[in-house]
Amino acid sequence: MSDQPQKIKRPNLDSVTSINDDGSHHILHPSDVKGRFTLARRVVAWLMIAIYVAMPWIPINGAPALFFDVEMRRFHVFGLTMVTQDMWVLFFAISGLGFLLFVTTAVLGRIWCGWACPYTVFLDHVFRRIERWIDGDAPARRKLAGAPNDLRKISRRVLKHGLYIFCSGLIAHVFLSYFISIPRLYAFMQQGPLEHATSFGVVMFLTGTLYFCFAHFREQFCILMCPYGRLQSALTDDDTMIIGYDEQRGEPRGKATDPDAGACIDCNRCVTVCPTGIDIRNGLQLECIGCAACIDACDEIMVKLNRPTGLVRYDSSRGLAGKKRRIFRPRMLAYGLLALLGLTALGFTAFNRAKPMNANLTRMRGPSFYLDPTLVRNHFQLRLFNKRNQPMTFKVSLENPPPGYVLTGVDEDLKIPAAQELARPVIVIVPNESYQGPRTLTLEVKGQPGDSVVRQQVEFLGPNPRLFRKN
Amino acid sequence: MSSEPEIKVAHYADGENKIVVRPHEYDGIQEYDQTLPNWWLFIFFATLVFFPVCWLGYYQFGFMRPDGEVIDRKMAEIQQVKAKELDAMLAKLDNSVFIEKWGKDQQAIANGRELYMANCTACHGQKLDAKMDLGNGQVVPLPGLSLVDGQWQHGKEPMDTFKLINLGSPPDSPGHNGARMEAWGQKLPPMKIVELVSFIMSENPKEFFGSQN
């Protein structure tokens, strides 16, 4: 370590600024920036943090708004309770939301990365703020990084990293409360760490990971690890909104007093504010997380120079080249349709299939059917889930059974306490004279209160009726 | 296609010009030869350490166990506990204990009724007669044996019933109309089987308790 303030590297297109020649991490110290996007991003970020923290506290239908109860295997999503058997809905949720993100990316570029991604939100609006508060602005931070390890530096480092760990711990605890709920989290915290070693371990691991990421790793994650970031080049095109530099207006760079020069005075403000260490004037680069800091930085300079703002701005590559931008493109249709498919299926299942109860009829192990002198019968296991937070009564029957087909084992109404399940053997029998061959039957389960009905198709199996009659 | 790939030079901030392009070229695409980030290399070396640890742990010294083995071992433990529980129960049980104690224990009978209604009615019927009244004058026979007809194909003593429920239809029995009962001891603990026997006894008072009941 030298006692000199750290040098500012000039970004280039051939290498990653934040990785040194020898593979070590070049720590970036982005300068302060003020402006409309910075302010708007801060507002959005605090809204995001508020939502993140509030979700486990808001009760809907007797459970937190988002509560993934892994222990009881019940998943509460905005008042809708799902059990492991509903897990297939997740496919539509993930594919629908995933393709929605694709559409958003195709139109608005990395709007997610810059404005809504939890990593950016926590890093830029919590951890970088703490750093700014304790260590000062970029030149001060650079100077401190090169300063000898005296009492002043060490005490600041201890304070800063202490706050980092504290915030990481808070985020980790909120995260855990999504899985065990706030009251249980509070109860766990009253007890020794070894009583709930797994939960404690998860929080410790998460705190450590968050601390490592937000204190040290920072932009490395976005540049090299984030899969969404790496997908960008496949999702965007020349009509996608990006943050770009208006080369036509800006070049050639020169002094503000030079009448032959373009609008860019090469002040390097856009470079020094960049949290990933790129020069936006080199064009669209994979490191860019779309944080808009360079827009605010450049606008500020342009205002000072009495020049129109927007030399660096949100625009498409085509728009920056002075051409007209298209919104509707084939990829929009493709991503849009896939998103619509997933979300429609999700909505449909959420409203029609995700009932307050689950009924499952599965064939028992052993022979698929039994032949008695007088009967053909199939054995099933009936499994009922009451997903509600109050007791329910269930009536189980065959819906419009063909003549002779009888369901036995569930003659009485079944009472199931709140959030409990019940399994019982049931048998479908049919007298030989009524037997017409294998067929599909419909099981009907009516739940009270709520008048909810769940139907399940079930195959009644038996011998070939022609051969059967001969015997 | 140019025969001589153009040697590219990286413009580093420190002003040194270094050759950073690999000599090969495919479809006009060349590759930079940048140093990997150290943390990336660290992960690579960590996997190198991971391998011998796993190899020694799982295959050489056995201080780590595959999940399947762990589960099998736990299952065996559970079976052992169950077997012990059953042995302890059997040591306390005989026909007279059933007649003197359990068959008259109202709590056991009530619990047994509940268990019966949940698990047994599908085959033995709600009234234990292995019949189902469809309500329209039609009565359908169910797969199980009647438990109130005074016929005890597998032995009439309470202990016979206990063993029958615990182990299911005996291996040499052809079953009733081909229907064989499963071994409920796999699903129910011994005490619950005792309660079921109590309930069945209470439904046949004359046979088990004579005329005084």
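Residues numbered from 1 in each chain as written. Chains lettered and ligands numbered in written order. Predicted model: local features only at pLDDT ≥ 70, side-chain atom pairs only at ≥ 80, totals over all residues.

1. A look at the overall build of chain B
- When its secondary structure is counted, chain B shows eight helices and six strands.
- From first element to last, N terminus to C terminus, chain B shows the α and β order β-β-β-β-α-α-α-α-α-β-β-α-α-α.
- Burial status across chain B gives 18% buried among its 213 residues.
- When contacts within chain B are restricted to residue pairs at least 6 apart in sequence, those whose partners lie at least 24 apart make up 46%. (Helix = DSSP H or I, 4+ residues; strand = E, 2+ residues; numbered from the N terminus. Buried ≥ 20, exposed ≤ 12 C-beta atoms within 10 Å, placed from the backbone. Contact = placed C-beta atoms within 7 Å.)

2. Focus on the sheet that holds strand β4 (residues 74-77) of chain A
Residue and element names in this part refer to chain A.
- Read across the sheet, three strands follow the order β3-β4-β5 without closing on themselves; strand pairing throughout is antiparallel. Whereas interior strands pair on both sides, the edge strands pair on one side only; in this sheet they are β3 (66-69) and β5 (80-83). Taken over all neighbouring pairs, the strand axes of this sheet differ in orientation by 15 degrees on average, direction set aside. (Pairing = 2+ DSSP bridges. Axes fitted to C-alpha atoms, helices over the stretch in contact; angles between N-to-C directions.)

3. So, the domain arrangement of chain B
- Along its sequence, chain B is carved into domain 1 (9-60) and domain 2 (71-207).
- For domain 1 of chain B versus domain 2 of chain B, the separation of C-alpha centres amounts to 68 Å. (Domains from an automatic or database assignment.)

4. Comments concerning the domain arrangement of chain A
- When cut into domains, chain A gives domain 1 (36-87 + 110-233), domain 2 (238-320) and domain 3 (357-470).
- Distance from the C-alpha centre of domain 1 of chain A to the C-alpha centre of domain 2 of chain A: 32 Å.

5. Overview of the environment of V121 of chain A
Residues and elements named next belong to chain A.
- Structurally, V121 is set in helix α4 (residues 118-135).
- V121 gets classed as buried once you count the C-beta atoms within 10 Å, which come to 21.
- Sequence separation of V121 and C167 is 46 residues, and the distance between their C-alpha atoms is 13 Å.
- Those residues in contact with V121, other than ones at most four positions away along the chain, are A45, M48 and I49.

6. Remarks on helix α7 (residues 190-202) of chain B
All names here are of chain B.
- Helix length check: α7, at 13 residues, gives a terminal C-alpha distance of 18 Å against a target of 18 Å (1.5 Å per residue), a fit within 8%.
- With respect to burial, α7 is a largely interior element, ten of its 13 residues being buried.
- Close packing links the buried residues of α7 with α3 (95-100), α4 (106-119), α6 (158-167) and α8 (205-209). (Expected span 1.5 Å × (residues − 1).)

7. Things to note about the interface of chain B and chain A
- At the interface, 29 residues of chain B touch 30 residues of chain A.
- Put simply, the parts of the chain that give the side of chain B that touches chain A at least two residues each are β1 (9-11), α1 (38-60), α4, α5 (121-124) and β6 (139-141) of chain B.
- In terms of residue class, the side of chain B that touches chain A is made up of 20 nonpolar, nine polar and no charged. (Nonpolar A, V, L, I, M, F, W, Y, C, P; charged D, E, K, R; others polar.)

8. Focus on the sheet that holds strand β16 (residues 452-460) of chain A
Residues and elements named next belong to chain A.
- Spatially, β13-β11-β15-β16 is the arrangement adopted by the four strands of the open sheet, whose pairing is antiparallel. What marks the edges here is a single partner per strand, and that holds for β13 (414-416) and β16. Between one strand and the next, the sheet's axes are offset by a mean angle of 25 degrees, whatever the strand orientation.
- As judged from the three bridges shared by strand β11 (residues 392-398) and β13, these two strands associate in the antiparallel manner. Residue pairing across strands places T393 opposite K415, the latter belonging to β13.

9. Some thoughts on the packing of helix α6 (residues 151-180) of chain A against helix α8 (residues 197-217) of chain A
Residue and element names in this part refer to chain A.
- Packing of α6 against α8 leaves a shortest axis separation of 8 Å and a crossing angle of 135 degrees. Looking at the two axes, α6 sits oblique to α8. Our pair here, α6 against α8, has a crossing hand that is right-handed. Listed contacts from α8 to H161, Y164, I165, S168, G169, I171, A172, H173, F175, L176 and I180 of α6 are S199, V202, V203, L206, T207, L210, Y211, F214 and A215. (Parallel < 35°, antiparallel > 145°, perpendicular 65-115°, else oblique. Left-handed = near helix turned anticlockwise from the far one by under 90°.)

10. Re the confidence of the model for chain B
All names here are of chain B.
- Looking at chain B, pLDDT values average 84 and 88% of them are 70 or higher.
- Counting contacts from residues 7-14, a segment whose pLDDT is below 50, to residues more than four positions away or on other chains yields 19 contacts.
- Here the predicted complex scores 0.77 on pTM and 0.71 on ipTM. (pLDDT = per-residue confidence, 0-100.)

11. Brief notes about α4 of chain A
Residue and element names in this part refer to chain A.
- Between its first and last C-alpha atoms α4 spans 24 Å; for 18 residues at 1.5 Å apiece the expected length is 26 Å, and the two agree.
- The sharpest bend along α4 measures roughly 30 degrees and falls at R128.
- Buried within α4 are the following residues: T120, V121, F122, L123, D124, V126, F127 and D135.
- Here the buried face of α4 lies against α1 (36-54), α3 (111-116), α5 (138-146), α6 and α8.
- Two residues or fewer after α4 comes G136, characterised by a positive phi angle close to 85 degrees. (Bend = angle between axes of the 7 residues up to and from the residue.)

12. Considering the environment of A140 of chain A
- The topology assignment puts A140 of chain A in helix α5.
- Through-space distance from the C-alpha of A140 of chain A to that of Q248 of chain A is 36 Å; in sequence the pair is 108 residues apart.

13. Focus: the nonpolar core
- Ranked by size, the top nonpolar core spans 55 residues in total, and within it I243, C270, A293, C294 and V312 of chain A carry the most contacts.
- Formed jointly, this core draws a minimum of three residues from each of two domains, domain 1 (36-87 + 110-233) and domain 2 (238-320) of chain A.
- The contacts of V312 of chain A, once residues within four sequence positions are left out, are I243, Y245, C270, I280, C294, I295 and C298 of chain A.
- Core analysis: the second largest hydrophobic core is formed by 28 residues, L382, L384 and L441 of chain A together with C120 of chain B among them. (Core = buried A, V, L, I, M, F, W, Y, C linked by C-beta atoms within 7 Å.)

14. Focus: the packing of α1 of chain A against α4 of chain A
Residues and elements named next belong to chain A.
- It is at 10 Å that the axes of α1 and α4 come closest, and there the two elements cross at 110 degrees. Here α1 is positioned roughly perpendicular relative to α4, judged by the angle of their axes. Viewed along their axes, α1 and α4 form a crossing whose handedness is left-handed. Seen from α1, the contacting residues are R42, A45, W46, M48 and I49; seen from α4, they are V121, D124 and H125.

15. Points about unusual backbone geometry
Residues and elements named next belong to chain A.
- Here the residue pair E251 and P252 is connected by a cis peptide bond, since its omega of -10 degrees sits within 30 degrees of zero.
- Its location among the elements puts P252 in the loop between α11 (247-250) and α12 (269-272).
- With an omega of -5 degrees, the peptide bond running from Q448 to P449 counts as cis.
- Note on placement: P449 falls in the loop between β15 (439-448) and β16.
- Not every positive phi belongs to a glycine, and R73 is a case in point at roughly 55 degrees.
- Of note, the phi angle at S181 is positive, near 75 degrees, even though the residue is not glycine.
- With respect to the secondary-structure elements, S181 resides in the loop between α6 and α7 (182-190).

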